[in-house]
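Analysis of the macromolecular model
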Amino acid sequence: RFPYLCYKNGGGAFLVPYTLMLVFGAVPLFYMELILGQFNRQGPISLWRICPLFKGVGFCAVLVAFYVSFYYNVIIAWALYFLGTSFSSDLPWLHCNNTWNTEKCWESMLPGTSNVTTRPPIFNDTTPTNRHTPASEFFHRAVLEMQWSDGLHEMGYPKWQLVLCLMLVYVMLYISLFKGVKSSG
């Protein structure tokens, strides 16, 4: 996400230091820790006993992995939720006739619907140019329920379906990793 956010908020000027730090800092440190860990058969915290000056590197690596796992586990929970909802006979993200859809919902690719045109739409001053697909509205309005929140200061209540999917992801992770690295391999 970082290169995309840099491009969106200022262009390629941020990509130069990012690429330099990636090439000269992050990737060599990652490979060094990976090789030393495999050679000494130790984890990232106990590995750095070989040089007590760098003991904080192991703690930082574990802390960063801990925070990144929250982010990726939520994305996996969303995918699990989509997988569960895809077993319905009519997929909820195909049409604009659901309760969460707005008047800006536009089914542009489905044949046989009333708002499909054979030519690309012509946008003028009276035609709104901010149309949304049913899939986008399903994700933002039905799954995340972003219409009930004004921002990060008002997050709202957790959705029980997503909490259940997230718990299932953590259970699957625990089952696959509870015996250690040897069983996961």
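Quantities reported herein were computed from a predicted structural model and do not represent experimental measurements.

1. Some remarks on the overall build of the chain
Along the chain, the regular secondary structure elements total seven helices and zero strands. When the elements of the chain are put in sequence order from the N terminus, they spell out α-α-α-α-α-α-α. Split into buried and exposed, the 185 residues of the chain put 15% on the buried side. Sequence-distant contacts in the chain: of pairs separated by 6 or more residues, those separated by 24 or more amount to 49%. If you sum the accessible surface of the chain, you get close to 14500 Å²; carbon and sulfur atoms cover 69% of it.

2. Topic: unusual backbone geometry
Peptide bonds are mostly trans, and most non-glycine residues show a negative phi. Phi angles above zero are rare outside glycine, and Arg41 is one such case at about 55°. With respect to the element layout, Arg41 can be found in the loop between α2 (15–40) and α3 (44–47). Relative accessible area serves as the criterion here: at 77%, Arg41 is assigned to the exposed category. Here the phi dihedral of Glu145 falls at roughly 50°; this positive angle occurs in a residue that is not glycine.

3. Some details on the packing of helix α4 (residues 55–85) against helix α5 (residues 134–143)
Between α4 and α5, the shortest axis-to-axis distance is 13 Å and the interhelical angle comes to 105°. What the angle tells us is that α4 and α5 run roughly perpendicular. Counted together, Trp78, Tyr81, Phe82 and Thr85 of α4 and Phe138, Phe139 and Val143 of α5 form the full contact between these two elements.

4. Examining the packing of α4 against helix α6 (residues 160–177)
At a minimum axis separation of 8 Å, α4 and α6 run at an interaxial angle of 115°. Crossing hand, α4 versus α6: right-handed. Contacts from Phe70, Asn73, Val74, Ile76, Ala77, Trp78, Leu80 and Tyr81 in α4 reach Gln161, Leu162, Cys165, Leu166, Leu168, Val169, Tyr170, Met172 and Leu173 in α6. Split by residue class, the contact of α4 with α6 holds 15 nonpolar, two polar and no charged.

5. Some words on the state of the cysteines
According to the stated counting rule, one finds one disulfide in the structure shown. The disulfide partner of Cys96 is Cys105, and the S-S distance across this bridge is 1.9 Å. Residues Cys96 and Cys105 are joined through a disulfide that is left-handed, its torsion about the S-S bond being -75°. Judged by relative accessible area, Cys105 falls into the buried class, the value being 6%.

6. Focus on the UniProt feature "transmembrane region" (unreviewed entry) in the chain
As annotated in UniProt, the feature "transmembrane region" (unreviewed entry) corresponds to residues 12–36, 57–83 and 160–178 in the numbering used here. Helix makes up 100% of residues 57–83 and strand 0%, with an end-to-end C-alpha separation of 38 Å. Across residues 160–178, helical content stands at 95% and strand content at 0%; the span's end C-alpha atoms are separated by 26 Å.

7. Here we look at the pattern of salt bridges
This model, assessed by the stated rule, comprises one salt bridge. For the salt bridge of Glu145 with Lys159, the shortest nitrogen-to-oxygen distance reads 3.9 Å. Within this pair, whereas Glu145 is found in the loop between α5 and α6, its partner Lys159 is found in the loop between α5 and α6, the two being separated by 14 residues in sequence. On the accessibility criterion, Glu145 (31% relative accessible area) is partly exposed. By relative accessible area, which is 16% here, Lys159 ends up buried.

Thresholds, definitions, all that
- Residues numbered from 1 in each chain as written.
- Predicted model: local features only at pLDDT ≥ 70, side-chain atom pairs only at ≥ 80, totals over all residues.
- Heavy atoms only, no water.
- Helix = DSSP H or I, 4+ residues; strand = E, 2+ residues; numbered from the N terminus.
- Buried < 20%, exposed > 50% of the residue type's maximum accessible area, 1.4 Å probe, protein only.
- Contact = heavy atoms within 4.5 Å.
- Areas by Shrake-Rupley, 256 points an atom, 1.4 Å probe, with all protein chains shown as cover.
- Axes fitted to C-alpha atoms, helices over the stretch in contact; angles between N-to-C directions.
- Parallel < 35°, antiparallel > 145°, perpendicular 65-115°, else oblique.
- Left-handed = near helix turned anticlockwise from the far one by under 90°.
- Nonpolar A, V, L, I, M, F, W, Y, C, P; charged D, E, K, R; others polar.
- Disulfide = S-S within 2.5 Å.
- UniProt positions renumbered as here; feature names shortened; annotations may be inferred.
- Salt bridge = Lys/Arg side-chain N within 4 Å of Asp/Glu carboxyl O.

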